[in-house]
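Take a look at the letters that make up each chain.
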Amino acid sequence: MNLKKNPTEKDDIQEQWESVMQIANASTEQLELYRTQTLVKLDTSIRMLVKTLRTVKNLLIALLIFVVIIALLV
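In short, a report on the structure.

### Describing the overall build of the protein chain
- Per the secondary structure count, the protein chain includes two helices and zero strands.
- At 24 Å, the protein chain has a C-alpha radius of gyration far larger than the 11 Å of a compact globule built from 74 residues.
- For the protein chain, the spread of C-alpha atoms along the principal axes amounts to about 70 × 45 × 10 Å.
- For the protein chain, buried positions account for 0% of its 74 residues.
- Here the protein chain contributes 9 positively and 8 negatively charged side chains, and the mean placements of these two sets differ by 12 Å.

### Observations concerning a negative patch on the surface
- A cluster of acidic side chains, namely Glu 9, Asp 11, Asp 12, Glu 15 and Glu 18, defines a negative patch on the protein surface.
- When you line up the elements, Asp 11 lands in helix 1 (residues 7–24).
- For Asp 11, a relative accessible area of 46% gives the class partly exposed.

### Remarks on the pattern of salt bridges
- Here the structure, examined in full by the defined rule, presents one salt bridge.
- Asp 43 is the salt-bridge partner of Arg 47, the closest N and O atoms lying 2.9 Å from each other. Taken together, the residues Arg 47 and Asp 43, both in helix 2 (residues 28–73) and four residues apart, mark about one turn of the helix.
- In this structure Arg 47 comes out as exposed when scored by relative accessible area, which is 59%.

### Here we look at a nonpolar patch on the surface
- Judged by side-chain polarity, Val 56, Leu 60, Leu 63, Phe 66, Val 67, Ile 70 and Val 74 come together as a nonpolar surface patch covering roughly 700 Å² of accessible area.
- Relative to the helices and strands, Ile 70 resides in helix 2.

### So, the environment of Asp 43
- By relative accessible area, which is 37% here, Asp 43 ends up partly exposed.
- Residues Asp 43 and Ile 70, 27 residues apart in the sequence, show an inter-C-alpha distance of 41 Å.

Cut-offs applied
- Residues numbered from 1 in each chain as written.
- Predicted model: local features only at pLDDT ≥ 70, side-chain atom pairs only at ≥ 80, totals over all residues.
- Heavy atoms only, no water.
- Helix = DSSP H or I, 4+ residues; strand = E, 2+ residues; numbered from the N terminus.
- Rg over C-alpha atoms; globule rule 2.2 N^0.38 Å.
- Buried < 20%, exposed > 50% of the residue type's maximum accessible area, 1.4 Å probe, protein only.
- Lys, Arg positive; Asp, Glu negative; His and termini not counted.
- Charge placed at Lys NZ, Arg CZ, Asp CG, Glu CD.
- Patch = residues over 30% accessible without salt bridge, like charges linked within 9 Å, V, L, I, M, F, W, Y side chains within 5 Å.
- Areas by Shrake-Rupley, 256 points an atom, 1.4 Å probe, with all protein chains shown as cover.
- Salt bridge = Lys/Arg side-chain N within 4 Å of Asp/Glu carboxyl O.

What follows is the structure, given as C-alpha cells:
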C-alpha cells in the first residue's frame, strides 16, 4: 500500500493551507471583502442552479405533454 501523496495533492494542500493562513492573518477590511466575494459567488451559483432547475422543469412538462399526446393518438 502506497501512502505517499502525489505532487498535485501536496500542491493543493499547500494552497489550501496558504489560503487559511491568509484568512487567519487578514484585517477586518480584508475579511469583509472576502465575505462579500464569497456571498457574490454563492448568489451567482444559486441563480445558475435555479435557472437550470427551471429549464429541467420545463423540459419535463414538455415531455409529459408529448407522452399524453402520443397516448391519445394511439
